[in-house]
Amino acid sequence: LKTGWFSELTDLLPGRSFSMEVEQVLHKEQSKFQEILVLKTKSHGVVLVLDGMIQCTEFDEYSYQEMISFLPLFSHPKPQRVLIVGGGDGGVAREVAKYPLVEIIDQVEIDERVIELSKKYLPFMAQGFDNPKVNLHVADGFKFMEEHFQYYDVIITDSSDPIGPATSLFQKSYFELMKRALRPGGIVCSQADTFWGHLKNAAAMYNHCKGVFPKAAYATSYVSTYPAGQIGFALGSLDENTDFLNPVHQLTNQQRKDMKLRYYTTDIHKAAFVLPAFVIDALDDD
Ligand code: AAT
């Protein structure tokens, strides 16, 4: 490896790696839960890395935060109470807070240090926490879910990958707990891995939704700095009539400009559910 470069080297991605040239290591520590690294890179601005995996970069974070937020929010007729699990950088809170129908945003992040360091080094994302609608809890998302019943309209799980503290958020039992925590008509959306090389994980997440909710769907987005440049989302709805492919709230160009959306459009939403043949077959098989 060249010195001065960060390479994403983890057991989750054997035999390959994405690299960025580092201008400065802004911060490095071992928290109670994970290794936290904040880098200033030449090409991607500030980058947050947890346990060796890239969580977000200043350059393309919006492509992920907007999709994981608005795929579920615009599929729900009246999303007043939203729960965000994970998302310690504040990017999803920033997006969810933009939507006027949303009245309450609870967020449960396990690692206080991710929040504190994001406030310091990623203020363009952590500004999400300043919104008065946001109530931040520092706790384990799985435990939090066990203690909440029939309350939320939308639950967004913006979690790190299924290794370390986030492992429980990828299990079927977590989807059962989310179902219980929703009000009638509620919708969930979870980070669901990449189908390039992790097809089994992606299909498992879709099948958790399909096994637990009357309606399920799998969506995809381009995120240039995530493994293979692609990440999926598993969506489930308590309302069997939810039509994920045709969002109830469709945005005009003016509306999306007013919301300062840089990635999400209604057409991108519809296209996100159009999947390659090998993915369709893998989702059907399981
Ligand atoms: N907004 C995009 C960044 C993330 S951050 C994922 C967050 O989930 C981290 O802050 C981590 O501390 C938190 N987290 C992990 N486990 C739990 C848990 N059990 N309960 C609550 N929060 C948790 C997502 C990046 C996706 C990366 C794709 N490769």
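Above: the structure in question.
Below is a short write-up of the structure.

The rules behind each value
Residues numbered from 1 in each chain as written. Predicted model: local features only at pLDDT ≥ 70, side-chain atom pairs only at ≥ 80, totals over all residues. Heavy atoms only, no water. Phe/Tyr/Trp six-rings, centres within 6.5 Å; stacked < 30°, edge-to-face > 60°. Helix = DSSP H or I, 4+ residues; strand = E, 2+ residues; numbered from the N terminus. Buried < 20%, exposed > 50% of the residue type's maximum accessible area, 1.4 Å probe, protein only. Near = heavy atom within 4 Å. Polar contact = N/O pair within 3.5 Å; in protein donor to acceptor, adjacent residues only side chain to side chain. Areas by Shrake-Rupley, 256 points an atom, 1.4 Å probe, with all protein chains shown as cover. Nonpolar A, V, L, I, M, F, W, Y, C, P; charged D, E, K, R; others polar. Salt bridge = Lys/Arg side-chain N within 4 Å of Asp/Glu carboxyl O. Pairing = 2+ DSSP bridges. Axes fitted to C-alpha atoms, helices over the stretch in contact; angles between N-to-C directions.

Considerations on the packing of aromatic side chains
For the structure on display, the rule yields 13 aromatic pairs. Relative to Phe-273, the ring of Phe-244 lies with its centre 6.2 Å away and its plane at 20°, an arrangement referred to as stacked. Remark: Phe-273 occurs in the loop between α9 (266-271) and α10 (277-285) and Phe-244 occurs in the loop between β12 (230-237) and α8 (253-258); sequence separation between them is 29 residues. Both residues of the pair, Phe-244 and Phe-273, count as buried. Members of the aromatic cluster, joined through ring pairs, are Phe-70, Phe-74, Tyr-99 and Tyr-264.

Regarding the site of the ligand
Every one of the 28 residues lining the ligand counts as a neighbour, but Asp-89, Glu-109, Gly-141, Asp-158 and Asp-161 are closest to it. Here Asp-140 contributes a side-chain N or O atom positioned 3.1 Å from a nitrogen atom of the ligand. In isolation the ligand has 670 Å² of accessible area, and contact with the protein removes 99% of it. Among the elements of the structure, β5 (53-57), α1 (61-73) and β7 (104-109) are those that each provide at least two residues to the shell around the ligand. Per-class residue counts for the shell around the ligand are 12 nonpolar, 10 polar and 6 charged.

Some details on the environment of Gln-30
By the element assignment, Gln-30 lies in strand β2 (residues 19-30). With 21 residues separating them in the primary sequence, Gln-30 and Asp-51 have C-alpha atoms 9.1 Å apart.

So, the pattern of salt bridges
Counted according to the given criterion, the structure contains 9 salt bridges. Note that Arg-113 is salt-bridged to Glu-29, the shortest N-O span being 2.7 Å. Placement of Arg-113 in helix α3 (residues 112-121) and of Glu-29 in strand β2 is noted, with a sequence separation of 84 residues between them.

Remarks on the sheet that holds strand β9 (residues 152-158)
Spatially, the 7 strands line up as an open sheet ordered β8-β7-β6-β9-β10-β12-β11, and their pairing is mixed. A strand with exactly one partner marks an edge of an open sheet, and here the two such strands are β8 (134-138) and β11 (215-222). Direction aside, neighbouring strands of the sheet carry axes that sit 15° apart on average.

Describing the sheet that holds strand β1 (residues 5-7)
Strand order in this open sheet of 5 strands is β1-β2-β3-β4-β5, and the pairing throughout is antiparallel. Both outer strands of the open sheet, β1 and β5, are each paired with one neighbouring strand and no more. Geometrically, the sheet is characterised by an average inter-axis angle of 40° between neighbouring strands, direction not taken into account. For β1 and β2, the ladder comprises 3 bridges, and the chain directions are antiparallel.

Scope: geometric values only; no functional claims are made or implied.
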